Amino acid sequence: MPFENLIKSLQDCFVTGDSTPENGCQTLQLFVDKLSESSRSSVKRSTERSLEEAAQLLRQIPESQLRGLEEEQLLLLVRLLLSLQLEMVSISTACRKVDQMLQLLAAKVDHKLVYKETLHSFHAIVHSDQVLSLEDLQRACMYLEDSVVGREVWRESFMPMLQRVSDSFPAVLQEESQRDGPICYITVKVCLQVFQLLPNEVAPLVWEENHSKEAVQRILQALIDILGQCCNRDTRLLAGTAVAMLINTASESTAAGAAAWNLLQVSHPQPCQLTVGVLQVTCDPVGKDRVDRLAVSRGLLTCCRPHILLSPSHDTTQACLLLEGLFPLVYALCEEKQDSRYFAFEVLTMWLKRVKECVTDLWRMTGARLLPDDSRLLQQLTHIIWTNAESPVEGVPEFASSAFTLLLKLYALDSEQFCDTSKAFYFTLLERLLKLPWEAKAKYHRLCALLPHVGAELVLNQYTEVSHHILKCLSTNHLSPCGSEFYKCLIQQQRRELPASLTEVDLAGRWANSWQPLLLEALTSEVTLLQTNSSTHLLPCTFQVFPSAVHHLLASLNPHKPGHLHAWACVLSSYRAISGCSPWALHGSSTFKTLQLALGSADDKVRLAALNLLCCSPKTRDVPSAEEITILKEFIPQNLNCESSPFRQHLQAAVRRFLVRIRDGCLAHIRGVKGKKKEDVSHKSRKDVLEQGIGFVEWLGELPYSFLSPGHSYQRKKTALLLLSAVLETCTDTWSPNKKKGQPPANIGLLIECARQRGQWNFFCRTKQLLLISCLEDSTNEIRELSACLLLRFFPPSFPADIAEVLETRSMQLLRSPRVQEAQMGALMMKMFLQKSGHRCSLSCTANTGRNLCVVRVLLKELEEHHLTAKADMMLSARTKPIHGVLCALQRCLLEGADDIYTTLDRSLVTKLLDLLENISLLLLAILHGDYAPPSFCDMGNAISSLISQQSGGGQIDEEECVLLSEEHSLVLTCCWVSLKETGIFLGSLVEKVLEESKKHSECLLTKQDLMRASDVFKDILLKCRHWGAVEGCGLGFTKFCTSLLNSSDSDLKDIPAQMLKDGLQVVQCPGSTSVTRRAAGLPMLILSVLSSEEVSKARPLLALSMQTLLDTARRPLDESWDQTLDLPQVCAVHTLQALVRGAGLGTAVLQFAPAVAVLSLTLLRSPCWAMRNAALQLYSSLCSRMLGQRSSSVEAGPTQHSMSPAAFFFHYPMLQAFLLGELRGAAQDLHRPAAGAKLHLQPSLYPILTLLAQLQPGVQDSSETLLDFLSPLLQLSASPIYSVRVMASKALVAMTPPSVYFDLLLKLTSQLPGPQESCNHNRLHGQLLQMKALLDRALCSDSVLSDDLREVVNRIHSSMWLGTMAQCCPLVRAVYLSVAGSLRRYSCETFLLQLSDRLMHDLHTPQQGLQVGLSSFHQQALHFLCADPKWACQTWESFSAASPELRLSLVTWLLDSQDWQQIDSKEVIQRVLQSNLKDALLGDSVDYRTTYLTALVSVMTGGGSALPQPLSDSELYLSECLDLLLQDLEIQKGGPEYLSQALHAASLLLSHVSDFSLKTSMLQRWCSILECQQAPEAPEVLRIVCSEALCAAGLPLINNLRDHNSLPAIMMRLINTGLYLLQDQSQEVRQKAARFASLLHHSRRGNNQRSVCIMQINQALLLLLDLLLQECWDTPGALEVLLSHLPQTDLRSVLREASPARGSCSLYEQDEANVFAEPSVMSAHMLPYLLQMAEKSSQSSALAQSLAAWAERNTAQVLDNLTECEQLLPAETFSPSWLALLVDPHFHCALGGLFARAVFLLHLLKTSACTQHHCDPLSMQMRLQTVCTLLTQNGVHFTPALTATVSAEEARL
């Protein structure tokens, strides 16, 4: 009987029966309801939750009441549970929960009944006449694995069921689709479970002669066949485990051992007979992928007991299966370059574990050491582990690391057993590891494993650079985990080695001696990655091991020093999280002050660290204190508009933790604190905790709604929604089935009830719902989606009728918009309407039609109208019915909104939908390609232009005059490509969902013919459309389409993508017939989508076929008559290969073809066809990125270095070694061939090969020394006539040279340096010097000792000084010689440095004859060398005036490129020289030189940073002339933005030092005007940035200098106003620099030392400037106007006129705001309190009073008119489209904000000033204002808390 019928019957029994007490019957009814709920749920976690609740209910029913059930009721109950269990066979945990209930019934009520019903259910499988289906096999598995009674039933029917399983194998193995599908896998799984769980029943059939062995023999034969013939790797691995488990059933070790040895014959390529006990089967392997060997070895190691693994071979008593049988097999698997490398190393790890488990028996058997130092076994293990530590195959390095750890432990046991204390192997490994470069990731993993065996002290003594290397690792993204783990292991080992008698304080002191400098350097570093990783990884483990280390760290930190504030917060936060102790007591009251300082910092990292400190606690019931709540309430509003996305995410997480503490703490107080007497916890204390906690949640639940209205910035709205999500997730009883953690506690209702009793926590009222609905039309997708998610998850399940009606109308309107963004809004609204319209549906449909089906039919009708319109008039369709919106809505409603698509669609609708999609795609493609199929980009443009011309009735458009696409062209193109993209995405997703849900239904909605039609649609779009957006989007859908078909059990469906692939490959091979298209357009996407969908667990035959076909096609020679204007098959093949290499879907599967692809791409670089060479180069670049693995992200590693060493690279790709070496040798030999005339012997593959080699990780010793062959050709390539080849050859030489050979090569190269009289090849000399430079930089980075070899190298460089002088005529040679000499500077004698510097000074000022290539490079190197010495630096700059223009440019360029001048004593000289030559530079003709010069001057005057300017020393008149020139250029906008920005910065610095007051005043006014002009949002960003810098550079000094002058208030007011505008700028850099000005000004006014200024957060800075404006300039003329200028305009009538519910745009784009970060509503709320304070001060100034009265007189009428408009527009009782139009209009909300600010200000003036009261009655206006505000709030308009509070305060004043 079906589950639903059983439910109904059981419920009927409960209704009619009277044997059960009332409460028991009620509990049983709830129990049944929970079972029904679990059956209906489609989410695994929901199902499990319902079952768990059902089990709890069943346990609550007393045994007596269960026994009192009637027989029919009990029978139905058991059958119900069994039916439910059979329904959930795919969810093992759910089956176990149901089985627990069955066991409870069996134990307490009637075991026989449960057994009988289970047996009856099982017999339905056993005694069926049909072959076992997938469902039958799954149920059989469930009975074995997840059912206690089921296992008993299995034993009862063992032989018949075993016979059924054996009979099913022939049918399963007959067809490939069955053999490689899930049914084969589950059949093998049944066998494995039988062998594992029923060994006593299986053993006699295998190991004793009997007449019942046929079934198990057939099963064994089938398993062996699967091992060698199946394509599904997972099935084969499981089959290997099953066979091994069968062997493990033996009770006698000899027979089992013989069978295991016999099983190893599977690895033989020839057919053989396998014997397992009395069973004999034939093994005939077909495949050559070695997965059979992998499966057998894996199975034996997983399943076999030790006595089997130790069994000897039949021909010897010495060998054992584990060592002599399995290890050679495992070693060979690890050596092979197969696709199963991951599993091979998994098996190696398993082998080591089993050896360790059996090591005692192995010692006893052999009587000798298992791993002596010279044993071959140890060498082989070390080799295979070492060489794969850097494998690019995911997971292999981790297994290699685990294997290394096991090997060390095994060696330790071996040494201890045989009393070997030398342990030479460990020290050999340590020496080898320490020689690895710091960039080697495997170095740290191995050191961690080795550390316990050699001790921390030895490692630290020998590894002197450990701290430096750990810091480097933490600064490198992919090395930070291993570096931090190494640190953790070191301190843990140190702790273990320290005496136990030491106290925690003493232990922490020992730690501080070794590690405190490292941790402080990391925590206070300017490198963000180093800061983050040290606080995230190092601090927690430090406090876990040495808790008292916190005192040492805090004592070393000064919060006022750069970087220390962040470190302070991180230290305390980590300490609190680890220890659970309160951090506030560590430093007394100063802790909260420092916390406030950190929370107000401008640095996001500092604020986040402080926030984490405030919110975190290891105890979730740790109720926040009143101080913590107050601080957080101040912090959150000031950080809502942060631009950083990570900051927003971390803010949400921190607040969520804070809310959890409040929630759990309040719940604990409601329940009462356990373990405390009632008098210990006073009623008042408990009440305070609840009031604080509930009040904070109420405040935070209301806050986000104030900032969700249109007009607020994206950042503020996103943060508000995240905070709202945190509140609703934490403090409501909404359970989220998709979340594993973070669910609300079961008793959350107690707290909600407590809050509701206080009139709080009304989270889901109508006004809040309206506000979230308005967010559905936000311009950003993230806001829309997040708002929709909150509405769906937390708010009532259905909208009110009026809201649903408006949503329906608005969504249909938006679906017809040509703007993609608006169409997506409409689609989302339609989905919301579908899911939350309840049982109502106002769309026209029949009464008995379901809601989902009704919506889909309406959308299909709409889609049909769009198609017909496009067919008749494409221009009209593009404007009013552009198709893509309806497609997006269908996707949303069908695939996201519908639970079961089979209840939403029927066969007729599917047919109609496919017809429409097919016709639409054909129509749009015909429009795009016109007469060309497939088209080029040009053809597409011409086709659209022709269409526009035809439908507009005009002639052909003159393309010569059309620089930009016309509006009509953009509309048609967007309509076409977006609709094609949506077609592909929707079609693929539809097929995926239909096929996925077809498993639950008897028939599929899609026939094979339908799927063939769908494949044709995909093929047409991908092959005939050239728009990448359409191709990429369609590719996403096509991948889903192919994945669904290839995962299907129907072989006919699997053939569809395979056939499409073959068709695509055929297209690649056919000669092209159209113009060249970029990267072969959609064809590679078609092939990539099919291959990405291929099952990973299989051998990927389609990938192998495709790669071979593409390689063969690409290798084909070009036809003699090839045409470069046509698509070439070879080029298309190469582009397709590149797509496969780059495709993330294929991952590392393509690496097995990497050598062949690399050889092909390098070979094709010689092609005469440019398109071929271009494609080959792109392919080679993509392949290198894939082969080399992860790129280093540290600064020191350089931009090109990867983490794979040359030895590891060629170990994984051995085929490439010979090829690359041959290419290099060929190129080197070409250099020695006599040139024919002046022609070069170019080798196109040379530079790419050198680039590849240069990217390998240097510094790794090559033990095999096979890579030394590369050195000779690389050295010879130093003579290449191509500059870039010489440069790259030097980099490749370093990467390929082992560290032990560095100085040998340096000696060799320096010995070849020529003398002054010797002739030389300049190319070779230049290349050799480049190689010397590269080798020296690498060799000297860690070796600072002056060895004999290094001394000889230095002497030879000294003796070749002439190479750096004019005696050497090539500037490039001189430049690189100076760089070599610079690298050796610390080893050079003073005489050499003096002589060389003197010659350089002479050469620099000697006039050059003619143009010399490389002269600029020589100048830069010479200046770098000279200026490294302060004495020569001063001399160089003092001769600036006499230098040539080229040298002057080089000097100022060097100043910008180098930071050396900041550390030398010549800084004052440089500043004086630049100032004295400023006028000449400004009068020069070159804008570039003037820009560079001013940039250098600014850099020197500000100290290279953003510090305050250094004092000037030049004459006043000269500086004023320079300043006047700069201001003139700025006023007339002479020069570009870059020059003007530097001019403004320089002028600001000079202005601050003008002492003539009259001169300063005039220039100051001009300067302020320039700032006010350039701070506008329309100005270039670089100028706005400099405006902020100018405020810091000159604004603060000028204010300080004018402190006692009467012009100060006016100047300060203008500067503060400029600062206010800049703090609202769109650019974060502008805002941060303006915040710096505010911070400096604040500290200056308070008389603080500026050197300890902490830059404050932007919103704090804005309020601070307003405070200063009010304090210093309140009575200054114009101050009132400054405040009012920041209020938005309040012309509400014009806003209402423009807002219309039927508004819609036929245009494609709308004008963006100049400043999208500006928030007029927020500024209104900021300004209002200061305006009110200004009004309060009117009694102190008659001028101010007059200004206020005049303003009131001018604005009263307008304010009252606008209030009247508000009263008239208030909505009716029901929600209307017109009101929704206003809710989503940002101008309306901005106008309201400005209106209410002005109205409150006016009201305050009316109350406080008698002269203004005649304009209006204050009481009447107050009532009107309050009424409007209340009604607006009730209808979805939320005002900021500050504005609402001010209105309430004004009301209280009456």
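None of these values were measured; they are calculated from a predicted model.

Undergrad: Quick question: what am I supposed to make of the overall build of the chain here?
TA: Each helix and strand counted, the chain has 88 helices and two strands in total. Against the globule reference of 38 Å for 1854 residues, the chain gives a C-alpha radius of gyration of 40 Å, in line with a compact fold. Across its three principal axes, the chain shows a C-alpha extent of roughly 120 × 105 × 95 Å. Burial analysis of the chain (1854 residues in total) assigns 58% to the buried set. Long-range pairs, those at least 24 residues apart, make up 76% of the contacts in the chain between residues at least 6 apart in sequence.

Undergrad: When you look at the packing of helix α34 (residues 626–638) against helix α35 (residues 645–671) in this model, what are you seeing that I'm missing?
TA: The angle between the axes and the distance between the axes are what describe a pair of packed helices. Remark: α34 packs on α35, axes separated minimally by 13 Å, with the N-to-C direction vectors making an angle of 155°. By the angle between their directions, the pair α34 and α35 is classed as roughly antiparallel. Crossing geometry of α34 relative to α35 is assigned as left-handed. Between α34 and α35, the contacting residues are Glu628, Ile629, Leu632, Phe635 and Ile636 on the first element and Phe647, Leu651, Val655, Phe658 and Arg661 on the second. Here the contact of α34 with α35 is composed, by residue class, of eight nonpolar, no polar and two charged.

Undergrad: Help me understand a negative patch on the surface in this model?
TA: Negative charge collects at one region of the surface, where Glu70, Glu71, Glu72 and Asp110 lie side by side. Residue placement: Glu71 occurs in helix α5 (residues 71–87). Classification of Glu71 by relative accessible area gives exposed; the value is 71%.

Undergrad: I would appreciate a short explanation of the packing of aromatic side chains in the present structure.
TA: Aromatic rings in a pair are described by how distant their centres are and how their planes are angled relative to each other. Scanning all chains against the criterion turns up 32 aromatic pairs. Relative to Phe486, the ring of Tyr444 lies with its centre 6.0 Å away and its plane at 50°, an arrangement referred to as tilted. Taken as a pair, Tyr444 in helix α24 (residues 441–454) and Phe486 in helix α27 (residues 480–497) lie far apart in primary sequence, 42 residues in all. Members of the aromatic cluster, joined through ring pairs, are Trp761, Phe763, Phe764 and Phe795. Just above the ring of Trp386 sits the side chain of Arg446; from NZ or CZ to the centre is 3.8 Å. When the ring centre of Phe707 is taken as origin, the NZ or CZ atom of Arg716, which lies over that ring, is 5.2 Å away.

Undergrad: What exactly am I supposed to notice about the pattern of salt bridges here?
TA: Side-chain pairs of opposite charge can arise where the charged atoms are in close proximity. Evaluation of the coordinates by the stated rule reveals 68 salt bridges. Across the pair Asp1063 and Lys1019 runs a salt bridge, and its minimum N-O distance is 3.3 Å. Taken together, the residues span a long stretch of sequence, with Asp1063 in helix α52 (residues 1051–1069) and Lys1019 in helix α50 (residues 1008–1024) at a distance of 44 residues. The exposure class of Asp1063 is partly exposed, given its relative accessible area of 28%.

Undergrad: Would you take a moment to explain the environment of Gln56 for this structure?
TA: With respect to the helices and strands, the residue Gln56 is situated in helix α3 (residues 44–60). We classify Gln56 as partly exposed; its relative accessible area is 38%. Put simply, Gln56 and Leu451 are 395 residues apart on the chain and 50 Å apart in space, counted from C-alpha to C-alpha.

Undergrad: Quick question: what am I supposed to make of helix α87 (residues 1818–1834) here?
TA: Its 17 residues place the ends of α87 24 Å apart at the C-alpha level, agreeing with the 24 Å of an ideal helix rising 1.5 Å per residue. The set of residues buried in α87 consists of Pro1818, Met1821, Gln1822, Leu1825, Val1828, Cys1829 and Leu1832. All buried residues of α87 lie within an arc of 140° about the axis, which places them on one face of the element. Phi turns positive one or two residues past the end of α87, at Gly1836, with a value near 100°.

Undergrad: Is there a simple way to explain empty space enclosed by the protein in this structure?
TA: The gaps of empty space that remain are located by a probe, the size of a water molecule, rolled over the atoms. For the coordinates displayed, the defined rule picks out 10 cavities of 30 Å³ or more. By volume, the largest cavity is sized at about 150 Å³. For the largest cavity, the lining is made up of 15 residues, of which Arg607, Cys642, Gln1628, Gln1657 and Ile1658 are closest to its centre. Mapped onto the lining of the largest cavity, the elements with two or more residues apiece are α33 (604–615), α79 (1628–1645) and α80 (1658–1673). By residue number, the principal contributor to the lining of the largest cavity is α79, which donates four residues. Broken down by class, the residue content of the lining of the largest cavity amounts to six nonpolar, five polar and four charged.

Undergrad: Honestly, unusual backbone geometry in this entry has me stumped. Any pointers?
TA: The phi angle of most residues is negative, glycine excepted, and most peptide bonds adopt the trans form. One non-glycine residue, Lys423, lies in the positive phi region at around 45°. Secondary-structure assignment places Lys423 in the loop between α22 (396–417) and α23 (424–434). Residue class for Lys423 comes out partly exposed when judged on its relative accessible area of 26%.

Undergrad: What exactly am I supposed to notice about the side chain of Ser601 here?
TA: Assignment of secondary structure puts Ser601 in the loop between α32 (590–599) and α33. Taking relative accessible area as the criterion, Ser601 reaches 10% and is therefore assigned buried. Setting aside its immediate chain neighbours within four residues, Ser601 contacts Leu565, Val606, Arg607, Ile1655, Met1656 and Gln1657.

Undergrad: Just to check I follow, could you spell out the pairing of strand β1 (residues 272–276) for this structure?
TA: On β1, burial follows the alternation: Cys272, Leu274 and Val276 on one face are buried, whereas Gln273 and Thr275 on the facing-out side are not. Examined bridge by bridge, β1 and strand β2 (residues 279–283) share five bridges and lie antiparallel to one another. In the strand pairing of β2, Cys272 is matched with Cys283. If you look at the hairpin formed by β1 and β2, you'll find two residues sitting between the two strands, and Gly277 has a positive phi there, around 65°.

Undergrad: Explanation requested: the packing of helix α59 (residues 1214–1232) against helix α60 (residues 1246–1254) in the structure shown.
TA: Here α59 crosses α60 at 125°, and the two axes come no closer than 10 Å. Judged by the inter-axis angle, α59 sits oblique to α60. Between α59 and α60 the crossing geometry is left-handed. Facing Leu1220, Glu1223, Leu1224 and Ala1227 of α59, the residues of α60 in contact are Leu1246, Ile1249, Leu1250, Leu1252 and Leu1253. Across the contact of α59 with α60, the residue classes break down as eight nonpolar, no polar and one charged.

What counts, and at which threshold
- Residues numbered from 1 in each chain as written.
- Predicted model: local features only at pLDDT ≥ 70, side-chain atom pairs only at ≥ 80, totals over all residues.
- Heavy atoms only, no water.
- Helix = DSSP H or I, 4+ residues; strand = E, 2+ residues; numbered from the N terminus.
- Rg over C-alpha atoms; globule rule 2.2 N^0.38 Å.
- Buried < 20%, exposed > 50% of the residue type's maximum accessible area, 1.4 Å probe, protein only.
- Contact = heavy atoms within 4.5 Å.
- Axes fitted to C-alpha atoms, helices over the stretch in contact; angles between N-to-C directions.
- Parallel < 35°, antiparallel > 145°, perpendicular 65-115°, else oblique.
- Left-handed = near helix turned anticlockwise from the far one by under 90°.
- Nonpolar A, V, L, I, M, F, W, Y, C, P; charged D, E, K, R; others polar.
- Patch = residues over 30% accessible without salt bridge, like charges linked within 9 Å, V, L, I, M, F, W, Y side chains within 5 Å.
- Areas by Shrake-Rupley, 256 points an atom, 1.4 Å probe, with all protein chains shown as cover.
- Salt bridge = Lys/Arg side-chain N within 4 Å of Asp/Glu carboxyl O.
- Lys, Arg positive; Asp, Glu negative; His and termini not counted.
- Charge placed at Lys NZ, Arg CZ, Asp CG, Glu CD.
- Phe/Tyr/Trp six-rings, centres within 6.5 Å; stacked < 30°, edge-to-face > 60°.
- Lys NZ or Arg CZ within 6 Å of the ring centre and 35° of its normal.
- Expected span 1.5 Å × (residues − 1).
- Arc of directions from axis to C-beta.
- 1 Å grid on protein atoms, 1.4 Å probe; cavity = no way out; pocket = protein on both sides within 12 Å on 5 of 7 lines; lining within 4 Å.
- Points joined across faces, edges and corners; volume = space filled by probe spheres on them.
- Pairing = 2+ DSSP bridges.

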